[in-house]
Each structure stands twice: as structure tokens, then as C-alpha cells.
Amino acid sequence: MLLFITGGSGSGKSAYAEDRVTASGLTDRVYIATMEPFGAEAAARIARHRAMRAGKGFETFECPRNLADLSVSPGCAALLE
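Caption draft 1: Region of interest: the packing of aromatic side chains. Applying the stated rule across the entire model yields one aromatic pair. Ring geometry for Tyr31 against Phe58: centres 6.3 Å apart, planes inclined by 85 degrees, an arrangement best described as edge-to-face. Linking Tyr31 in strand S1 (residues 29-33) with Phe58 in strand S2 (residues 58-62), this pair joins segments that are 27 residues apart in sequence. Summarising the burial analysis for this pair, Tyr31 and Phe58 share the class buried. The ring of Tyr31 carries Arg53 above its face, with NZ or CZ at 3.6 Å from the centroid.

Written out as C-alpha cells, the structure reads:
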């Protein structure tokens, strides 16, 4: 299954997506973070997202470039942001 979640900045997309993944029953959870931490605002957003994922069982991959080089387990729940 593939879900594509869109919305404006600060609209709750990340929280909604994380809730969908945790409700899915899949225990192999991957979060692929593509944001580059340019400036204080970006760093604060990244810190907030890390705190939101804490305790939800996500393995986080920081991958702002070259997604083709990233390897994730088949059948896992992968959240790309």
C-alpha cells in the first residue's frame, strides 16, 4: 500500500502519517528524513519531528540526497519526509 499525504506547512502531515504507520501493525518502521538543517528554523523543525517520533519504533535515516543509495527492508513501513 502507498499513501501520499499532502498539506501546507504546519498542517499536521507528519503526525498524521506517523499515526497511520503506528496503527498499521507493522513493527519494522523506517523514517527517511530528507530535510537539510540550514539555519535555526530548520534545526528546530528537525528537533520537533525527532521528539514526535520518540518511542514509536522508527529507525531514522538522515538522507537529504541520493535516496537511490538507501536500502530499507522489504515490507517495512517507510515514511519519507
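Caption draft 2: The arrangement of the layout of surface pockets in detail. Volume-wise, the largest pocket comes out at about 1000 Å³. As for the largest pocket, its lining consists of 38 residues, of which Ile5, Ala17, Leu79, Leu80 and Glu81 are closest to the centre. Elements that contribute at least two residues to the lining of the largest pocket include exactly helix H1 (13-23), S1, helix H2 (39-53) and strand S3 (77-80). Considering each element in turn, the lining of the largest pocket owes the most residues, seven residues, to H2. The residue inventory of the lining of the largest pocket, partitioned by class, reads 19 nonpolar, 11 polar and eight charged.

Cut-off values and rules
Residues numbered from 1 in each chain as written. Predicted model: local features only at pLDDT ≥ 70, side-chain atom pairs only at ≥ 80, totals over all residues. Heavy atoms only, no water. Phe/Tyr/Trp six-rings, centres within 6.5 Å; stacked < 30°, edge-to-face > 60°. Helix = DSSP H or I, 4+ residues; strand = E, 2+ residues; numbered from the N terminus. Buried < 20%, exposed > 50% of the residue type's maximum accessible area, 1.4 Å probe, protein only. Lys NZ or Arg CZ within 6 Å of the ring centre and 35° of its normal. 1 Å grid on protein atoms, 1.4 Å probe; cavity = no way out; pocket = protein on both sides within 12 Å on 5 of 7 lines; lining within 4 Å. Points joined across faces, edges and corners; volume = space filled by probe spheres on them. Nonpolar A, V, L, I, M, F, W, Y, C, P; charged D, E, K, R; others polar.

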